[in-house]
Amino acid sequence: MLRFALSLLLLTTTAIPLFGQASSQAEIISAEKISDSAPHSAFTDLIHFQGHWFCVFREGSAHVSPDGALQVLKSQDGNTWQSVARLTSPTADLRDAKITVTPSGKLMLCGAGALHQPAEARHQSLVWYSDDGTNWSDAIEIGPPNYWIWRITWHEGKAYGVGYHTIEPRETQLFVSDDGRHFEKHGKPFAIDGFSNESSLVFHSDDTAICVVRRDGKPNDALIGSSAPPYTEWTWKSLGAYIGGPALMQLPNGTHIVAGRRLAGPAKTVLWQLDPNTASLSELAELPSGGDTSYPGLVLHDGILWMSYYSTHEGKTQIYLAKIKLPTSK
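I will try to describe carefully the structure that is included in this document. (Residues numbered from 1 in each chain as written. Predicted model: local features only at pLDDT ≥ 70, side-chain atom pairs only at ≥ 80, totals over all residues. Heavy atoms only, no water.)

## Section: the sheet that holds strand β7 (residues 92–101)
And step 1. The antiparallel open sheet is built from four strands, whose spatial order is β7-β8-β9-β10. Across the chains shown, the open sheet's two edge strands, defined by having one partner strand only, are β7 and β10 (140–142). Along the sheet, successive strands turn relative to each other by an average axial angle of 30°, direction set aside.
And step 2. When strand β8 (residues 107–115) meets strand β9 (residues 123–130), the two strands line up antiparallel, connected through eight bridges. By the bridge assignment for β9, Ala112 is matched with Ser125. (Pairing = 2+ DSSP bridges. Helix = DSSP H or I, 4+ residues; strand = E, 2+ residues; numbered from the N terminus. Axes fitted to C-alpha atoms, helices over the stretch in contact; angles between N-to-C directions.)

Below, the structure is given as structure tokens:
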């Protein structure tokens, strides 16, 4: 009962300073559940497109299950949501929905199919396209089998994504596409020890690429990489902490933020400020979360950071949407 009361207070109070000084820490404006229709809902992303919000995520009977589908929710105000599409496959568990806008103004949804076995491969990366977020194309296979291209970022008319090999030999590799449909390996596999996998890319105004990569096993600290065009040589530094399901963003003032799962102590979905030059993290906010959690989507809208994520802290794995006031610049 006490846990419920504390959660209710957090969700209904506006602008709660999370730590000490409001000038150096973020404030949660709200954090509310927006979907619990499936037994297990997870792995989110978020976008604002044509005046509407779209939240995408996987839903299925369990964290890993053959019935995994990609759900698309739509909202005009971020408060009332409705399902407008549900993408399924008869041959795969669809996972890890990520959404972006192409240079031509279409929505591009990417994910991966964990292929029902026996099959010739374990995984296949996929994309779908839509003009309105409701009507979607058939799935298009991208990249070679068993490379999971986890998140796609557009820059100067090209689509970039970091794919990781899901079978031996383990490796992580940059992929590039001119049209968002045909992805090719670009450069050599990253010179990273351990099992590097999920990633997030941003491109600076000078065309420098910054990448945050999750690692599992030993070592399991996340890495930050930087590369100048043509993005074939990367320099890597440890961030000194585990980040599961990373989402990286550069704010208009040049500040970088990253969100994902923190494992130090109980698992939580956390927002950090990131200094790419020193590879240092400063925790800004700990979202109401716990257990199976993370995989956020980030959108800065009218000066407020909107974050989708999933969590199991209320007993069922569900989708949440938080609105966060970021620290004021010094």
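## Focus on the side chain of Arg214
And step 1. Considering the arrangement of structural elements, one finds Arg214 in strand β16 (residues 209–216).
And step 2. Polar contacts involving the side chain of Arg214 include one to the side chain of Asp216, which spans 2.7 Å.
And step 3. Filtering out sequence-adjacent residues up to four positions away, Arg214 remains in contact with Phe195, Ser196, Asn197, Glu198, Tyr242, Ile243, Gly244, Gly245, Pro246, Arg261 and Tyr295. (Polar contact = N/O pair within 3.5 Å; in protein donor to acceptor, adjacent residues only side chain to side chain. Contact = heavy atoms within 4.5 Å.)

## Details of the pairing of strand β24 (residues 304–311)
And step 1. Most of β24 is tucked away, with seven of its eight residues classed as buried.
And step 2. Note: strand β23 (residues 294–301) against β24, six bridges, orientation antiparallel. Each residue of the ladder has a partner; that of Gly297, found in β24, is Ser308.
And step 3. In this antiparallel pair of consecutive strands, β23 and β24, the connection spans two residues, and Asp302 shows a positive phi of 55°.
And step 4. Taking the residues between adjacent antiparallel strands as the criterion, β24 and strand β25 (residues 318–325) are bridged by six residues, where Gly315 takes a positive phi near 100°. (Buried < 20%, exposed > 50% of the residue type's maximum accessible area, 1.4 Å probe, protein only.)

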